[in-house]
Amino acid sequence: MSLYPLFADLRQRAVLVVGGGAVAARKIDGLLRAGAAVTVVAPALEPTLAALAAHARIRHVAARYADEWLDEVSPGGEKSNGGDEPSGYWLVIVATSDGALNRRIAAAAQRRRVFVNVVDDGTLSSFHVPAVVDRAPLQVAISSGGAAPMLARLLRERLETMLDDALGPLAALAARFRARIRARHPEPAARRRFYSSLFGGAVADLLRKHQPALAEAAFEAAVQAPAAPIAGSVALVGAGPGDPGLLTLKALRALNEADVILHDRLVGPGVLALARRDATMIEVGKTGGAHSTAQERIHALLLEHARAGRRVVRLKGGDPFVFGRGGEELEFLRAHGIGYEVVPGITAALACAAYAGVPLTHRAHAQSVRFVTAHCRDSLDMLDWRALAQERQTLAVYMGVAGLETLRERLLAHGRAAATPFALVENGSTETQRVIAGTLNQLPELANAHRVRTPALLILGEVAALARTLHWYGTPPLGGAPGPSLRHAA
Ligand code: SAH
């Protein structure tokens, strides 16, 4: 036997809640959002409920529960329907921690034919409150029939990541245009096709970008001319540093909706495995020396696929706007009238620092942090070395493996102490992560000794010493001899 799912209209309907603690507060929040007239019976209220009572959003009966409260005919001023009903309440929610009391209230409610829910006790309840994914006016309610509430909650979390924020406003728009859509597509199959195109199309896209007026205009246009071809677009998406868990929910969604994915070599297989199965994957890795031709090819591919009406994801390692040429690609798209959006990612500096146990700033050691790139002699020459050599600041150096010797030489020449700690993080946040720790005077030698390869990120500054004590991911830092006070941790 299974439960019968139903969505109840509780507007202005009286609901009795017994208990005034945090659990009651959670239930009451949902009830108020549904417009219910809530009465709480409890000797005392926790602060948010007390505030609601003070503003007359709920009615508080400061007493222990007694059946007389259930027998109220017109609770909170609701008109009696003639006196036939044994109780003025439509629902009762019991949120006390007193098992005997819970049983008594449940029995009293059942006798009066009032639906009752005893929080976390399916057997005493005549209705269950489902786990909800809320994209109002759309809602997904999940129940395990009381068998495994935790599983229902887990499923809810999964659905949360799959269901777009734009669904709510999209459903609201659809409600407003409903009559016109019906008139335009009287045939159900055609109407279905129309709705289906909405969910994946420009209207949803505009809603996601918080452009409701444009979305409404696009909706209007779609209602007028349903056969219009879908415009292709490009999402510039940050894939993070490697660990798929560091992908954002938006990035995941974009990967699930993409027709074509153009990705860098730096983007790992774990992330690519999360993409839509039938998306076309194109690797556009750049190998040193051929940068400009590779970039032209990327531009050409973006244009080709977007013009063919496809949803293109341009997937980049880390964040697309941090040493990622994301700006150039957007300029190109803009110049060619292709719509785009940007989904930020966790950049290597943040991820490597986190996964190496190195706080980039620290009240005792560093008040600022700089993201620097130093991949060739030219870029090294353009840096302001005096500023970079300042104490109590952290440098996060991208693409530095080849230039470590020059880096050391210039920093020392501009006054950075030879004993300044560094942590060199190779393949940060992945299973093969290694951290080499030492001091500035040993930097290139240690990197060579451990054969550090790209991708690696250098964190240089007082904070880097903390890698020895705060590391938590993978193997402990390798490298130079730890100071005496730190030896136990290495
Ligand atoms: N847009 C990227 C950076 C691209 S430049 C971002 O925001 O992270 C490429 C450089 O990033 C590499 O040479 C390396 O220095 C650094 N990098 C990227 N991923 C890395 C990782 N998993 N571990 C260490 N360094 C990484």
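All values reported here derive from a predicted model rather than from experimental measurement.

Examining the overall build of the chain
Within the chain, the secondary structure is distributed over 20 helices and 18 strands. The C-alpha atoms of the chain give a radius of gyration of 30 Å, which is well past the 23 Å a tight globule of 490 residues would have. For the chain, with 490 residues in total, the buried portion stands at 43%. In the chain, the share of contacts with a sequence separation of at least 24, taken over all contacts with a separation of at least 6, comes to 62%. As displayed, the chain offers around 25700 Å² of accessible surface, 56% of which is attributable to carbon and sulfur atoms. Distance between charge centroids for the chain: 1 Å, based on 55 positive and 45 negative side chains.

Describing the sheet that holds strand β15 (residues 421–426)
Where strands meet in a sheet, backbone hydrogen bonds hold them as pairs that are either parallel or antiparallel. Taken together, the six strands give an open sheet; going across it, the order is β13-β14-β17-β15-β16-β18, and neighbouring strands pair in mixed fashion. Looking along the sheet, the strands with just one partner apiece sit at the ends: β13 (368–373) and β18 (478–479). Here strand β14 (residues 393–398) pairs with strand β17 (residues 456–460) via four bridges, running antiparallel. Residue Tyr 398 lies in a different strand from β17, and its bridge partner there is Leu 457. Relative to the sheet, helix α15 (residues 348–356) contacts β13, β14, β15, β16 (434–439) and β17, its axis offset from that of β17 by approximately 70 degrees.

Looking at the packing of helix α6 (residues 167–176) against helix α10 (residues 212–224)
The description of two helices packed together rests on the angle between their axes and the distance between the axes. For the pair α6 and α10, the least separation of the axes is 11 Å and the interaxial angle reads 45 degrees. By the criterion of interaxial angle, the relationship of α6 to α10 is oblique. In the crossing of α6 with α10, the sense of the turn from one axis to the other is right-handed. Of the residues in α10, those in contact with Leu 170, Leu 173, Ala 174 and Arg 176 of α6 are Ala 215, Glu 216 and Phe 219. The residue makeup of the contact of α6 with α10, split by class, is five nonpolar, no polar and two charged.

Some remarks on the pairing of β17
Burial analysis of β17 places five of its five residues in the buried class, the great majority of the element. Of the two faces of β17, the one carrying Ala 456, Leu 458 and Leu 460 and the one carrying Leu 457 and Ile 459 are both buried. Note: β15 against β17, five bridges, orientation antiparallel. If you follow Phe 422 over to β17, its bridge partner there is Leu 460.

A closer look at the domain arrangement of the chain
According to the domain assignment, the chain consists of domain 1 (14–129), domain 2 (167–224), domain 3 (233–346) and domain 4 (352–479). Here the C-alpha centroids of domain 1 and domain 2 sit 40 Å apart.

Looking at the nonpolar core
Counting 22 residues, the largest nonpolar core has Leu 411, Leu 424 and Leu 458 as the members making the most contacts within it. Where this core is concerned, the elements lending two or more residues are α17 (385–388), β14, α18 (404–413), β15, α19 (443–449) and β17. Aside from chain neighbours lying at most four places away, what touches Leu 424 is Leu 404, Arg 434, Val 435, Ile 436, Ala 447, Val 452, Ala 456, Leu 457 and Leu 458.

Some remarks on helix α11 (residues 249–257)
Three or more residues of α11 are buried, namely Ala 251, Leu 252, Arg 253, Ala 254 and Leu 255. Taken together, the buried residues of α11 touch α5 (149–162), β8 (233–238), β9 (260–263), α12 (269–272), β11 (311–316) and β12 (339–343).

Some thoughts on the site of the ligand
Surveying the vicinity of the ligand reveals 19 residues, the closest of which are Val 322, Thr 347, Met 399, Gly 428 and Ala 456. One of the backbone N or O atoms of Asp 319 is found 2.8 Å from an oxygen atom in the ligand. Take Ala 456: an N or O atom from its main chain is 2.7 Å from an oxygen atom of the ligand. Mapped by element, the contributors of at least two residues to the shell around the ligand are α15 and β17.

Some words on the packing of helix α1 (residues 22–33) against helix α2 (residues 47–54)
At a minimum axis distance of 9 Å, the contact between α1 and α2 shows a crossing angle of 40 degrees. Judged on the interaxial angle alone, α2 and α1 are oblique. Considering the relative orientation of α1 and α2, their crossing is left-handed. Note on element contacts: α2 touches α1 through Thr 48, Leu 49 and Leu 52, opposite Ala 24, Ala 25, Ile 28 and Leu 32.

A closer look at the pattern of salt bridges
All chains considered together, the criterion is met by 23 salt bridges. For Arg 112, the salt bridge identified is with Asp 71, shortest N-O distance 2.5 Å. Here Asp 71 lies in the loop between α3 (67–70) and β4 (91–94) and Arg 112 lies in the loop between α4 (99–111) and β5 (115–118), a separation of 41 residues in the sequence. When its relative accessible area of 15% is taken as the criterion, Arg 112 is described as buried. With its nearest N and O atoms 3.0 Å apart, the salt bridge here joins Glu 328 to Arg 325. Among the charged side chains, a network of salt bridges with common partners joins Asp 164, Asp 205, Arg 208, Glu 257 and Arg 311.

Cut-offs used in this document
- Residues numbered from 1 in each chain as written.
- Predicted model: local features only at pLDDT ≥ 70, side-chain atom pairs only at ≥ 80, totals over all residues.
- Heavy atoms only, no water.
- Helix = DSSP H or I, 4+ residues; strand = E, 2+ residues; numbered from the N terminus.
- Rg over C-alpha atoms; globule rule 2.2 N^0.38 Å.
- Buried < 20%, exposed > 50% of the residue type's maximum accessible area, 1.4 Å probe, protein only.
- Contact = heavy atoms within 4.5 Å.
- Areas by Shrake-Rupley, 256 points an atom, 1.4 Å probe, with all protein chains shown as cover.
- Lys, Arg positive; Asp, Glu negative; His and termini not counted.
- Charge placed at Lys NZ, Arg CZ, Asp CG, Glu CD.
- Pairing = 2+ DSSP bridges.
- Axes fitted to C-alpha atoms, helices over the stretch in contact; angles between N-to-C directions.
- Parallel < 35°, antiparallel > 145°, perpendicular 65-115°, else oblique.
- Left-handed = near helix turned anticlockwise from the far one by under 90°.
- Nonpolar A, V, L, I, M, F, W, Y, C, P; charged D, E, K, R; others polar.
- Domains from an automatic or database assignment.
- Core = buried A, V, L, I, M, F, W, Y, C linked by side-chain atoms within 4.5 Å.
- Near = heavy atom within 4 Å.
- Polar contact = N/O pair within 3.5 Å; in protein donor to acceptor, adjacent residues only side chain to side chain.
- Salt bridge = Lys/Arg side-chain N within 4 Å of Asp/Glu carboxyl O.

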